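Remarks on the overall topology
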Amino acid sequence: MQSIEDLCKVRDSIFDRNRRDVVLDISDVAENKIDPYDFFEENYLTEGMISLFKQVFRRFANESDASVFKLTQAMGGGKTHCMIGLSLLAKYPEIREKVMGEGFAKNVLGPINIVVFNGRESDAPYGIWGSIAEQLGNREFFKDYYSPLQAPGKSAWVNLLKNQKLLILFDELPPYFENAKSKTVGNTDLSVVTKTALSNLLVALGTEELSQVTIVLSDLKATYEGGSQQITQSLHDFENEVGRSSVNIEPVGLNTDEVYQILKKRIFSELPDDDTILSIAQAYGDVTKEAGQMDLAHVSPEMIVQQVRDSYPFHPAIKDLYARFRENPGFQQTRGLIRFMRVMVSHLYESDDAKNAMLIHPHMIDLNHPEMSAEINLINSTLGNAISHDVASEGDSVAEMEDMKRSGSDAQDICKLILMASLANVEHSVVGLTTSEIITDIAAPGRDLTTLPDMVSTLESQLCWYLHRANNGKVYFKNTENLVARLRSLAESYGREAALKDVKEFLQTIFVPERKDCYQELQVLPAVDDITITQDKVKLVLYEPHGGSLHPHLIDFYDALDYKNRVCFISGQKDTMNNLISVGKEYKAIKSILGEMDSSGVRSDDTQRIIAQDLKDNIIHRLLSAARETFTRLHYPQSDELRVTDLTMNFEGNKCRGEELIRNTLTEKQKFTLDVDGETFRKKCEQRLFTQRTMQWSEIKKRAAILTKWQWHHPSALDNLKDEMLRKEQWRMDGGYADKGPFAAPSTSIKVMEWNRDEESGEVTLKVVPVNGDTVYYDVGGEATTASAKVDDFQNFVIRDMHASFLCVDSNDTHEPGPTLKWSNSVTLKKRVFGDGDKKTVELKAAPVDANIRYTTDGSNPKNAGGIYTNPFEIDRSVRVVLAIAEKKGVESEQIRIDIDWKADKPGLRLDKPATWKHNHNIKTTKESFDFTGLLKKYKARVPEVRLSVMGDKSWIELNTDSAIELSGEQIEKLIESLREVYSDGQVGIDARSIKFTTGQDMKEFADSEKKNINMDEVNQ
């Protein structure tokens, strides 16, 4: 695609340095110094100019009463050019239709007289009225108003100007009024007299005799080149007079595309056709679309296409950036922009940069050229330090050096663009650009945009000293140093040791062991004498690189170690510590800056706080990169030597998981293993560590710390293996010594569990479980032998006797018979109290029924002093408590206490005391079972001696506990779920003989929930 040099021909005048800042004066028209053809050839007719020309010539044709036109624009806004153009049309009738089109001013024949007054002519001896009269060749007409100076009245003006076609131009009146104020005239000053004279002139214009006289004057409130002094009262009053009768005209629509048109006409003599411009605009639209797809820009491609078509050969951004600084004090708006762009374009064409550009972008300024530097200084003189340090300084600025390092131009282009967006220096002005705006304004066909976001971040967070970020996310240049500058200054003040301390802390966070399975301890950059190695923990040591191998001091240290299998080292092949320390200084500095912000209560959403945090993130990223370049090799013990492997630190989101990196690396090298369960690990241990049948366990663990062929694993793996082997009876422990066998087969034994008990008769159903055998013999009169009776049903062995002996035998003779098991039945005792008045009856009942019962009524121990119970007995009001105990063949029941309440008919439930409800719950369905456990949980009850089952049509599974184990509702539910994992096709059943409650109140509410009445004979408290 063709460049601007190929398609756009510039005017020779832009290369003439003497013509770049030629300021035309309206008096040049009267003196015939301006060629009308050349003037209109180089000047674009704005809407304001065309409107002025048409309205003034309507006045000359007696088609309009509008007689006063005020050009409203700030300094340098095109007012003078507008007046000059109007003057040329008035003076040279032959150019009117050529400039304005056929039929323009057809009713205005011949030239029109022109009178010009420039307020810079402060020494006019006869005042403004004398100058006007003199230019009309009639100076003597106002001779009576010259000495002393007096203001001509309305009639005097009419008589001077009547029956003339006359154009009166007043330019730059404010400086004249300022000077006139200092000249005394009678009891007043010249400014007051001048105001009166001009006010009278305005009134005279309303007469029939002056119907073809027109006044055009520039904005009286505009800031002029001499400064912004307080306007005089006279000028203020005259401004009000003008405002009541004038038509306001804006010469240049600064918020329209007229700025582009003026520049095009003034700078270029030839531009390409619309089709060519459209193709270039579409190319920019395509680039914008691609940037949007990469989420780099957020502008409509269609809008860019239209904007480029309107602005070509200038980039659309120029209009926006110009609008920001055009109101700067002293800047000559349109005139200043024309001069600036003339310099910019001339440099582009002289340097051949125009050959490589399709549009003139705002960043294409050469700040190392004195002319351009001077132009920027005229716009904003406060950014000199920012430019020289950050943007351009004959190759010494940070942007230039960064581009030199990267062999590109991104840094300079970005900085120059941001500078252009930072030139405004009036209050509440918009400055700066967001990253997406920067990319949009720099984007061009064929340019790689993907590098720009990183470059913006680098400039802001590392390089530029005067680049700032506003709350709205825009970056801009300012004449004060930023956090980067402060950061660098602070970093340079730190010594090596101070920075090294923070680097150590940073590396500590990377490699700190959290899982602690591969290594358990960490030392970062220690002195060799400070390294300590223990038997039970693996230590990772980070040490400064030393050439291409491990530091000799570390080698000597390792060679002298006993526990060689308890250390590994990270080092590197090259000495990059200096870079790591350098970045570490910045890390220490940014932490200090953020610490100060914390102490000062700076909010987290404060712009400077956000920038500081971004700086920290960037520094951490560079610190990680420096660490990755420094620590590249891992030395670990294996097969009686220190082996080495390459190590690459990877990080995401400024985080590096050092422990995971070491684990993965050593797993790959088969130095670390997670396979510490099962037979494989046991065999490794017995082959490499546990090499004798009997060894001290501490010696086995010591060998794991010494032998480098032993893999690393979780520190508890060996102890866990020992516990597992003991549980499986594959190993045995005796006084600190481990024995791995082989062992003789264990002898037989028996386990007996009470399945059911008849509380009336004392008959018990036992579940007999043979261990290491398959035949069980029993006897009730003596020691069981193989001659005794056999147990035929292991699941339901019924017995009424108080004592029995069991013997287990292995019919295969693999296991020797073990000792017999002696079992004893239990004795239970129930009570009932009834009767009223002065007598009550106490009834006691034991199971077995032939057990002996003893009782007392005076609170003494019934076992020693109790009477023998034979039948229910009466008691009177003197008895407060009955104690009873039952015994049969040396087996005693629990002693029961019966408190006699003479105030109540029946002994009541004490709500504040613990209670046991000996009421059988035999539940057969899953729903009822979980309802039951739900009540247990709700009332915090516990169940001793429970049977849990899952009963199906064909199969079943059950679990029994004895009375010593008390289960909560939660525990019962867990056990049920475990049973259902094995067999789930059936109904859950629960058989509970009693329930224990913390208070009687809980028991009462439990029974109420079950809709059951409590029989106090079933309650123990």
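A separate point is the overall build of the protein chain. Per the secondary structure count, the protein chain includes 35 helices and 43 strands. Compactness check: the protein chain gives a C-alpha radius of gyration of 54 Å against a globular reference of 31 Å for 1021 residues, more than 25% above the reference. For the protein chain, the residues scored as buried account for 50% of the 1021 residues in total. Relative to all contacts within the protein chain whose residues are 6 or more apart in sequence, the contacts with residues 24 or more apart total 70%. A total of about 48600 Å² of accessible surface is found on the protein chain, and carbon and sulfur atoms cover 45% of it. In the protein chain, 125 positive and 157 negative side-chain charges are present, and the distance between their average locations comes to 5 Å.

Hydrogen bonds between backbone groups are what pair the strands of a sheet, and the pairing can be parallel or antiparallel. Judged by pairing direction, the sheet is antiparallel, and its 3 strands sit side by side in the order β17-β19-β18 without closing on themselves. Here the strands that pair on one side only, and so sit at the sheet edges, are β17 (694–696) and β18 (732–734). Each strand axis lies, on average, 30° off the axis of its neighbour in the sheet, ignoring direction. As paired elements, β18 and strand β19 (residues 737–739) share 3 bridges and run antiparallel to each other. Residue pairing in the sheet places Asp 734 in a bridge with Tyr 737 of β19.

Taken in spatial order, the 3 strands make up an open sheet running β20-β21-β24, and their pairing is antiparallel. Across the chains shown, the open sheet's two edge strands, defined by having one partner strand only, are β20 (749–757) and β24 (797–799). The sheet shows a mean angle of 35° between the axes of neighbouring strands, direction not considered. As judged from the 3 bridges shared by strand β21 (residues 764–771) and β24, these two strands associate in the antiparallel manner. Note on β24: the bridge partner recorded for Thr 765 is Val 798.

Judged by side-chain charge, Asp 353, Asp 366, Glu 394 and Asp 396 come together as a negatively charged surface patch. Summarising the element assignment, Glu 394 is placed in the loop between α18 (384–391) and α19 (398–406).

Empty space among the atoms becomes apparent when a probe as large as a water molecule is rolled across them. All told, the structure shown has 5 cavities of 30 Å³ or more when counted by the stated rule. Empty space within the largest cavity amounts to approximately 90 Å³. Along the walls of the largest cavity sit Glu 754, Trp 755, Glu 945, Val 946, Arg 947, Asn 960, Thr 961, Asp 991 and Arg 993, which together make up its complete lining. The set of elements that each furnish at least two residues to the lining of the largest cavity consists of β20 and β38 (946–951). Broken down by class, the residue content of the lining of the largest cavity amounts to 2 nonpolar, 2 polar and 5 charged.

All right, on to the environment of Ile 280 then. With respect to the helices, strands and loops of the structure, Ile 280 is situated in helix α13 (residues 274–293). In the structure, Ile 280 is positioned 32 residues away from Tyr 312 in sequence and 9.0 Å away in space, judged by C-alpha atoms.

What follows covers the nonpolar core. Phe 314, Met 341 and Ile 360 are the most contacted members of the largest nonpolar core, which has 84 residues in total. The leading source of residues in this core is helix α16 (residues 333–350), at 9 residues. Excluding residues that lie within four positions of it along the chain, Ile 360 makes contacts with Ile 4, Phe 268, Pro 313, Phe 314, His 315, Ile 318, Met 341, Met 344, Val 345 and Leu 348. In this structure, Ala 499, Ile 510, Phe 511 and Val 524 belong to the second largest nonpolar core, which totals 53 residues.

Here we come to unusual backbone geometry. Looking along the chain, the bond that leaves Gly 741 and enters Pro 742 is cis, with omega of 10°. Within the secondary structure, Pro 742 sits in the loop between β19 and β20. In this model, Ala 847 is joined to Pro 848 through a cis peptide bond whose omega is 0°. Topologically, Pro 848 is positioned in the loop between β28 (840–847) and β29 (852–856). Unlike most non-glycine residues, Glu 172 shows phi in positive territory, near 55°. Tracing the backbone through its elements, the reader meets Glu 172 in the loop between β4 (166–171) and α9 (173–180). Phi at His 428 is positive, roughly 65°, even though this residue is not glycine. Mapped onto the secondary structure, His 428 falls in the loop between α20 (410–420) and α21 (435–442). The exposed category is assigned to His 428, whose relative accessible area is 74%.

Time to look at the side chain of Thr 645. Along the chain, the position of Thr 645 falls in strand β16 (residues 641–646). You can call Thr 645 buried: its relative accessible area is 11%. Ignoring sequence-local partners within four residues, the contact set of Thr 645 consists of Thr 632, Arg 633, Leu 634, Tyr 636, Thr 665 and Lys 669.

Scanning the model with the defined rule gives 24 aromatic pairs in all. Between Tyr 126 and Tyr 146, the ring centres sit 4.4 Å apart and the planes meet at 35°, which makes this aromatic pair tilted. One end of the pair, Tyr 126, is in the loop between β3 (113–118) and α7 (127–135); the other, Tyr 146, is in the loop between α7 and α8 (154–161), and 20 residues separate them in sequence. Judged by relative accessible area, Tyr 126 falls into the partly exposed class, the value being 27%.

Another point: helix α4 (residues 47–60). Taking 1.5 Å of rise per residue, 14 residues should cover 20 Å, and α4 covers 20 Å from first to last C-alpha, within 8% of that figure. Where α4 is concerned, the buried positions are Gly 48, Met 49, Leu 52, Phe 53, Val 56, Phe 57, Arg 59 and Phe 60. For α4, the angular spread of buried residues about the axis comes to 150°, placing them on one side. Positive phi shows up at Asn 62, right after α4, with a value of about 60°.

A few words on the side chain of Thr 214. With respect to the helices, strands and loops of the structure, Thr 214 is situated in strand β7 (residues 213–218). Once you skip the residues sitting within four places of it in the chain, Thr 214 turns out to touch Val 56, Arg 59, Phe 60, Ser 67, Phe 69, Leu 166, Leu 167 and Ile 168.

Right, let's talk about the pattern of salt bridges for a bit. Going through the model one piece at a time under the given rule, you end up with 54 salt bridges. With its nearest N and O atoms 3.3 Å apart, the salt bridge here joins Glu 759 to Arg 757. On the basis of relative accessibility, which here comes to 31%, the residue Glu 759 falls in the partly exposed class. The exposure class assigned to Arg 757 is buried, which follows from its relative accessible area of 6%. Counted as one network, the salt bridges with shared partners bring together Glu 402, Lys 405, Arg 406 and Asp 454.

Taken together, the 5 bridges between β29 and strand β32 (residues 881–888) define a ladder with antiparallel strand orientation. Of the residues in β32, the one forming a bridge with Asn 852 is Glu 887. Relative to strand β30 (residues 867–868), β29 is paired through 2 bridges, and the arrangement is antiparallel. Of the residues in β30, the one forming a bridge with Tyr 855 is Gly 867.

Cut-offs used in this document
- Residues numbered from 1 in each chain as written.
- Predicted model: local features only at pLDDT ≥ 70, side-chain atom pairs only at ≥ 80, totals over all residues.
- Heavy atoms only, no water.
- Helix = DSSP H or I, 4+ residues; strand = E, 2+ residues; numbered from the N terminus.
- Rg over C-alpha atoms; globule rule 2.2 N^0.38 Å.
- Buried < 20%, exposed > 50% of the residue type's maximum accessible area, 1.4 Å probe, protein only.
- Contact = heavy atoms within 4.5 Å.
- Areas by Shrake-Rupley, 256 points an atom, 1.4 Å probe, with all protein chains shown as cover.
- Lys, Arg positive; Asp, Glu negative; His and termini not counted.
- Charge placed at Lys NZ, Arg CZ, Asp CG, Glu CD.
- Pairing = 2+ DSSP bridges.
- Axes fitted to C-alpha atoms, helices over the stretch in contact; angles between N-to-C directions.
- Patch = residues over 30% accessible without salt bridge, like charges linked within 9 Å, V, L, I, M, F, W, Y side chains within 5 Å.
- Salt bridge = Lys/Arg side-chain N within 4 Å of Asp/Glu carboxyl O.
- 1 Å grid on protein atoms, 1.4 Å probe; cavity = no way out; pocket = protein on both sides within 12 Å on 5 of 7 lines; lining within 4 Å.
- Points joined across faces, edges and corners; volume = space filled by probe spheres on them.
- Nonpolar A, V, L, I, M, F, W, Y, C, P; charged D, E, K, R; others polar.
- Core = buried A, V, L, I, M, F, W, Y, C linked by side-chain atoms within 4.5 Å.
- Phe/Tyr/Trp six-rings, centres within 6.5 Å; stacked < 30°, edge-to-face > 60°.
- Expected span 1.5 Å × (residues − 1).
- Arc of directions from axis to C-beta.

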